[in-house]
Amino acid sequence: MKKFLLIVGGFIVVVLLAAAILPFIYKDDIKAALDDAIAENVNAKVYFDESRFGLTLFKNFPNLTVTLGGLGVVGIDEFKKDTLAAVDQVDVVVNIMSVINGNYRISGLYLNEPNIYVKVLANGKANYDIAKPSEEPVAEQTPTESGDVQFGIDKWEIKNGNIVYDDATIPFYMAMKGMNHTGSGDFTLEVFDMDTYTEIENLVVAYDGVEYMSNKRLKADMALNMDLGQMKFTFKDNVVSLNDFGLNFDGYFAMPEEGYDMDINFSSPENSFKSLLSLVPGMYSDSFTGLTASGDTQFSGFVKGIYNDTQMPAFNFGMKVIDGNFKYPDLPSAVSNVNVDMLIDCADGNLDNTVVDIKQFHLDFGSNPVDAKLTIKNLVNYDMVADIQAKLNLGELATMFPMEGLEMKGMFSMSAKSQGVYDSIANTIPTIDMEMGLADGFIKYADYPVPMEQINMHTTIKNESGKMAETVVLMDKFTMLVDGEKLESTLRFENLDDYTWDLAVNGGVDLEKIMQIFPMEGMELNGKIAANMLTKGKMSDVDAERYDKLATSGGMTVSNFYYADADLPQGFAISESELSFNPKEVRLSKFNATLGRSDMAMTGAITNYMAYVMNDETIKGELNFSSNSFDLNEWMTDEDTTATVEADTAALEVVEVPKNIDFILRSSITSLLYDNMEIKNMKGNIIVKDGVVKLDNGKFNLMDGLFAMDGEYDSRDLEKPIFAFDFSITDMSIKAAYNTFTTVQQLAPIAEKMEGKFSTDFVMAGGLGQDMMPVMESILGQGVVKVAEGKVNEVKVLTALSSVSKLGDDSGTLSLKDVIMQAEIRDGRVWLKPFDVNVGKYKTTIAGSNGIDGTMDYVMAMNVPAGAASAAANQAIASVTGVSSAVSSNIVMNFGVGGTYDDPKVTLKSVDAGEGGKSATDAAKAKLASEMDAKKKEATQKADEAKAEAIKQAEEKKEAVVKEVEEKKEAAKEEVKEQVEEKKEEVKEEAADKLKGLLKKKKGGGGE
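Everything numeric here is computed off the predicted structure, so don't read it as measured data.

### Regarding the overall build of the protein chain
In terms of helices and strands, the protein chain carries 15 helices and 44 strands. Every one of the 1008 residues in the protein chain was classed for burial, and the buried ones make up 41%. Intrachain contacts of the protein chain at a sequence separation of at least 6 include 54% that bridge at least 24 residues. Element-wise, carbon and sulfur atoms account for 54% of the exposed surface of the protein chain, whose accessible area totals about 53800 Å².

### Concerning the pairing of strand β25 (residues 551-565)
The pairing of strand β24 (residues 524-538) with β25 spans 12 bridges and is classified as antiparallel. Its bridge partner being in β25, Leu 534 is matched across the sheet by Ser 553. With antiparallel pairing between neighbouring strands as the criterion, β25 and strand β26 (residues 568-581) make up a hairpin whose turn holds 2 residues.

### Describing the environment of Pro 114
Along the polypeptide, Pro 114 turns up in strand β4 (residues 103-120). By relative accessible area, which is 0% here, Pro 114 ends up buried. Sequence separation between Pro 114 and Val 90 is 24 residues; the distance between their C-alpha atoms is 8.8 Å. Other than its neighbours up to four places away in sequence, Pro 114 contacts Ala 86, Val 87, Ile 158, Lys 159, Asn 160, Gly 161 and Asn 162.

### Brief notes about the pairing of strand β29 (residues 619-631)
By the bridge criterion, 7 bridges tie strand β28 (residues 598-607) to β29 in an arrangement that is antiparallel. Opposite Ile 606, over in β29, you have Gly 621 as the bridge partner. Across 12 bridges, β29 lies against strand β30 (residues 661-674) in parallel orientation. Looking at the pairing, Ser 629 lines up with Ser 671 of β30.

### Remarks on helix α11 (residues 796-805)
Of the residues making up α11, those classed as buried are Val 797, Leu 798, Ala 800, Leu 801, Ser 802 and Ser 805. Downstream of α11 by one or two residues, Lys 806 has phi in the positive range, about 60 degrees.

### Side note on the confidence of the model for the protein chain
Of the residues in the protein chain, 78% have a pLDDT of 70 or more, and the chain-wide mean is 78. Predicted confidence for residues 1-22 stays below pLDDT 50, and this span has 8 contacts to residues more than four positions away or in other chains. The low-confidence segment residues 915-920, where pLDDT is below 50, has 6 contacts with residues more than four positions distant or belonging to other chains.

### Observations concerning the environment of Met 176
Its location among the elements puts Met 176 in strand β6 (residues 172-184). Its relative accessible area of 13% is what places Met 176 among the buried residues. Each C-alpha atom, one on Met 176 and one on Ile 163, is 5.1 Å from the other, the two residues being 13 residues apart in sequence. In this structure, Met 176 is in contact with Gly 161, Asn 162, Ile 163, Ile 200, Asn 202 and Leu 203, ignoring residues within four places of it in sequence.

### A closer look at the nonpolar core
In this structure, Leu 801, Leu 814, Leu 816, Val 837, Met 862 and Phe 895 are the most contacted members of the largest nonpolar core, which totals 89 residues. A total of 6 residues in this core trace back to one element, the largest contributor, which is strand β37 (residues 814-826). Among the nonpolar cores identified, the runner-up in size contains 37 residues, and Val 94, Ile 158, Met 226 and Phe 235 belong to it.

### A short note on a nonpolar patch on the surface
Taken together, Met 231, Met 255, Tyr 260, Tyr 307, Met 312, Leu 351, Leu 379, Val 380, Tyr 382 and Tyr 422 make up a surface patch of nonpolar side chains, about 790 Å² in accessible area. Mapping Tyr 422 onto the fold places it in the loop between β18 (406-420) and β19 (431-445).

### Here we look at the pattern of salt bridges
As enumerated under the stated definition, the model contains 20 salt bridges in all. The salt bridge partner of Glu 407 is Lys 409, with a shortest N-O separation of 3.7 Å. For Lys 409, a relative accessible area of 41% gives the class partly exposed. Its salt-bridge partner being Arg 597, residue Asp 631 comes within 2.8 Å of it at the nearest N-O pair. In this pair, Asp 631 is assigned in strand β29 and Arg 597 in the loop between β27 (585-595) and β28, connecting sequence segments 34 residues apart. Look at Asp 631 and you get buried, because its relative accessible area is 9%. Connected via shared salt-bridge partners are Glu 576, Glu 578 and Lys 590.

### A short note on the side chain of Asn 316
Topologically, Asn 316 is positioned in strand β13 (residues 314-327). A polar atom in the side chain of Asn 316 sits 2.8 Å from the side chain of Asp 345. In this structure Asn 316 touches Phe 266, Ser 300, Gly 301, Phe 302, Leu 343, Ile 344 and Asp 345, once residues within four positions along its chain are discounted.

Here is what the cut-offs are and how they apply
- Residues numbered from 1 in each chain as written.
- Predicted model: local features only at pLDDT ≥ 70, side-chain atom pairs only at ≥ 80, totals over all residues.
- Heavy atoms only, no water.
- Helix = DSSP H or I, 4+ residues; strand = E, 2+ residues; numbered from the N terminus.
- Buried < 20%, exposed > 50% of the residue type's maximum accessible area, 1.4 Å probe, protein only.
- Contact = heavy atoms within 4.5 Å.
- Areas by Shrake-Rupley, 256 points an atom, 1.4 Å probe, with all protein chains shown as cover.
- Pairing = 2+ DSSP bridges.
- pLDDT = per-residue confidence, 0-100.
- Core = buried A, V, L, I, M, F, W, Y, C linked by side-chain atoms within 4.5 Å.
- Patch = residues over 30% accessible without salt bridge, like charges linked within 9 Å, V, L, I, M, F, W, Y side chains within 5 Å.
- Salt bridge = Lys/Arg side-chain N within 4 Å of Asp/Glu carboxyl O.
- Polar contact = N/O pair within 3.5 Å; in protein donor to acceptor, adjacent residues only side chain to side chain.

What follows is the structure, encoded as structure tokens:
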């Protein structure tokens, strides 16, 4: 006995060791075979977690179980964004003898928590069609190095799965959530029995966009005979339950070449009315088990015949309910006397011959009866007879159905009769005689304190002839009260051939109470809106754009309105507003509001608004806007640098001005706060028309200066938006202008070190980049700058000048008095015609240009009186003239200034003798003007050549923008006229020249 036990124990040990060792021996071979099978047969991206790949003999002894964790299958091409399958764990059972023989036969498949999405496109292509086509007949295939894989699944199981089938070709949609399924059958045989058991927690079925089942629980215990050779599946023992309603099936479903062949009979094995109620939406809830019900049901039907693109099977569906009653627990009233007799029959598969016959439908909601009859003789033209009669006490209805948190009252009644044929060709419908009403209605939600009450409504729908044009819908009464605010409305709608309406609405709304009924988190909203509106018209007038025939009138008032949310924490408040409208215009007669700390008032009118809404035509209007104080700083937020950069980047794009707006905004703002500036007494007209925004007669005070400005922004070409404006500034601080305006910093960097005030009249135009910033190289401008008195200190160029001239500290400062500078902006440079200043005690004439790149190219003619030059200066002069003796007469020292503003290069170019101070200065000025003109001509020629080359090669966008500006703004601005002192008459004549190819003549003129 002991020896026998040792032999048995040894055998068990050997078996256990083999069970433990064999998986390690064949693990690599099986994984290689699996990888080869996927690579050779699957046309999709397949992945799994290799760390969760395992083998064991213990799970399904004696067969081998292969475990894959984190398995996924992702489609390609049209389905590259769709995951066909994502499974937490897959167990594949492989026959152990097939492993030893090298032919791996898969006999079991177990899926844990699979999410499967099957999608078929309208063109018939399916995401599950991932099998690679065979290049050779199966019989000729040779085994791979790792062996062949055979699929002969004997058993399968799905645990807690979610499966969606979405087929656009039918179109059909089905979703199964919380699915548990088991099945068995030998698919290696041509004919076998397949047994399955399925439970689905939530089933949704839709066809052609209509949900026929929603939130249904399904159980199915089915046995089918599978004839794979004939593709015929015969129902054997089958019970399918939807919610609490069960069905039996018998017959078969086959798939011959001509379509789908079926002969299926179904019936309910249980004649319980309660089980039928479980299919009614909302009935099958947690309280369904406590529902008391009685009554008998009869349910049966069949589907028989071929289904394909041109043929339908015959079908029949019949149901009867006899003396049904049901009542929820703890509720006082029951639904009783439920009697239904319904038949849907299509004996030959022709939809024209389908009959829907509801001979009886009756139930009593407590003491409220509902009766209906309906007969439809086909499902194509709907030859029908219908009769519905109902009276419902909503308060009593609420005692029969559990509607937690909802209180209803009121008496609803409906009477409807219809008879006839719907014919789209003859344009006829069944006759209709319908009346419905609600008296003393009341609706209140428990979570919200304000009810909707005194709801009264009466509506009739009539058509006595069946002609669509003679249909009349009349709502002669609708009233509702929301916490004392009454809303009234009437409507007459008729003629379904040419929609004709007559609508009147009158009433008020308290927004604070509406928010109590329908609260929105993070939003504050209150105020009262009162409106009365009358509108009548025909659709044919809308189509023909006869908007004057659409009689529309009424008005609206808003008071004590306030709105704030996370995006508008400052809040927007309207103290009072009055709006009226008619077919021609909407008029705002009163509007007083605050936006944060800013106040505003508006009046005006909008015309052609109906054509704008209906047909996208041009809307026109005039609006007057005024504000005592408007604070833009309130809308500027402090954020970290990264966030600011991201926000700015997102906002940097061209603003398109709609071309179908013709609008004038007349504005007046007493104080506008922006950054560290206060703009005062701002007035002007903003004109929006044809995709262009213009500022007309704009005036304001800024930093003790008076601004007058006209301008425009043109967005008609979004790739190359342009701007143009002319402006006048009087007595503005030079240093303040530098600190405030980026353009001044780039075009006149010397202003940083200047003291004093200036005035100017200037015309400017140019292109804007996609970031809405000026393309500096494209700017063209011309005008005069006047400085009554100013001074420049501590500028590197003056230090360099003093060092070269050897005139000592007398040449280290620059002072300006009654200076008028003629300036022109072109090709990224500011050109200055000759003007006089005092450098130290020496009168000096300056001309030249500086660029936005910081480079300078100026010439200076300094008038040095006889005997004023120091020994060092005389030596410097001698190095140029070759005369070593001291200067004994007036001379003009000519300097060249180059380099950059931060690194100037000053050279003494020549010395000229003069008979007197004035004549020497005039000669120097003429010389400088000639020299500057030559430089400007040369620079312009080079710039034009560069532009032509850039346009030709499309390499540099800035020259293309300049060309575009020149083309669009030819003769766009009036020439500048300036009245100056008699001694500067020649400067006035220069300033009055046209800005070539760009600027229009400017009406009027400016003076000092």
